[in-house]
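Listed here are the chains, written in short residue letters.
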Amino acid sequence: MHQSMNSLHAAPLVMMMSLCRFPSDEASMQIDFLGMQAFLCIVEQGGFLPAATHLNLSQTAVSHRLRKLEDSLGMKLLTRTTRAITLTDAGRALLPRVRKAMQELELSYDTVRQHAGSAPHWLVFGCLPTLAATQLSPALLRFATQHPDISVRVLDDSIGEIAEHVHNGTAAFGVSLASSNRFGLDMDVFAEEPFVLACPPRHRLARAREVDWERLRGEPLIRISLPAGNAATIDDALGDRRLQFRWAYEAQHTSIALDFVANGLGLTVVPALSATRAPGVVTRPLAGPSVARHLAVVTRHGAVLAPAAQAMRDLLVAEIRDRLTAVHERRA
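Residues numbered from 1 in each chain as written. Predicted model: local features only at pLDDT ≥ 70, side-chain atom pairs only at ≥ 80, totals over all residues. Heavy atoms only, no water.

(A) Unusual backbone geometry, seen in detail. Omega for the bond connecting glycine 288 with proline 289 falls within 30 degrees of zero, at 5°, which places this linkage in the cis form. In this fold, proline 289 is placed in the loop between β11 (282–287) and β12 (292–299). Positive phi, close to 60°, is recorded for asparagine 56, a residue that is not glycine. Relative to the helices and strands, asparagine 56 resides in the loop between α3 (48–55) and α4 (59–73). (Helix = DSSP H or I, 4+ residues; strand = E, 2+ residues; numbered from the N terminus.)

Structural data, given as structure tokens:
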């Protein structure tokens, strides 16, 4: 049955709509951009060798890409002789559409690149609230002088939430506690932070050089619940002895517990750095037993931080270490 020239050209156009359908998955459709790029370059450069030079590929690689595209379409696009390369009917029908698609892709790429050049750059990282409230500002001020064009978003969340942010790629890194996590994140332990007793300035223990836990029996104590991680750390250190104390109040956040202390409701035990700026509160070292937590930078396994993220990480770690050094010197 005779077919018109129009019908010969129509068949390749229908086939193009299914670029490239792989036999192993009839329900999915994937576009072979590398194959189309090779096809277009062969035509425009006048041969396989100049196309390979233009694409910085071997001639074999260019041939493989074209063959893969032709196999996925089920038809030849080019005929190759010793003297010339000629477009088939399918190739002639496909060529203008491939050329237009590539031009539109280049325009889209340029648009995104220009937007990236003018849009604000954001650095996102996680940090425990007890550290964010007291240690971040000095580090951020120094970071701003080094990277004035980068905006910073701080996710001051719990240990588990920080781990999720890092795992999902929402945060470049997190400053958290060294603990097990279900995501298998890398942990770089960089400091040990002691817990201290926080009490009102006029309390009988406010002038003690060091406070043994035994001296806290009968005192109204303020417990900071599990989301902050403090309660678990204290419970692990005390063991069954924790049941011997009078836990009169419970708060979810360290700042609330410190406010309770300042208003005379009781005493609390907190990480040393979290109380450095608390008004109406003084802190004293604890003994028998001492309690501490290990601070760590968490990152995705094997991840390499971008230069700006690495700079922020280093500044924050240095700030925390310096503050802890001052804490230890005061105790000595």
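Further notes follow.
(B) Here's a closer look at the pattern of salt bridges. Counted under the stated rule, the structure contains 13 salt bridges. Here arginine 92 ties to aspartate 89 by a salt bridge, and the two come within 2.2 Å at their closest N and O atoms. Highlighted residues: arginine 92 and aspartate 89, both in helix α5 (residues 89–118), separated by 3 residues, approximately one helical turn. Residue aspartate 89 is classed as partly exposed on the basis of its relative accessible area, which comes to 29%. Notably, a salt bridge pairs arginine 217 with glutamate 214, separated by 2.6 Å at the nearest N-O pair. A residue is classified by how much of its surface remains accessible, and glutamate 214, at 38% relative accessible area, is partly exposed. One network of salt bridges, in which partners are shared, links Arg142, Glu319 and Arg323. (Salt bridge = Lys/Arg side-chain N within 4 Å of Asp/Glu carboxyl O. Buried < 20%, exposed > 50% of the residue type's maximum accessible area, 1.4 Å probe, protein only.)

(C) Looking closely at the nonpolar core. Ranked by size, the top nonpolar core spans 49 residues in total, and within it Leu316 and Ile320 carry the most contacts. Sort the elements by how many residues they give to this core and helix α10 (residues 307–331) lands first, with 10 residues. Excluding its chain neighbours within four sequence positions, the residues that come into contact with isoleucine 320 are Leu131, Gln135, Val175, Phe190, Leu273 and Leu295. Within the second largest apolar cluster, 21 residues are counted, among which are Phe39, Ala52, Leu55 and Met102. (Core = buried A, V, L, I, M, F, W, Y, C linked by side-chain atoms within 4.5 Å. Contact = heavy atoms within 4.5 Å.)

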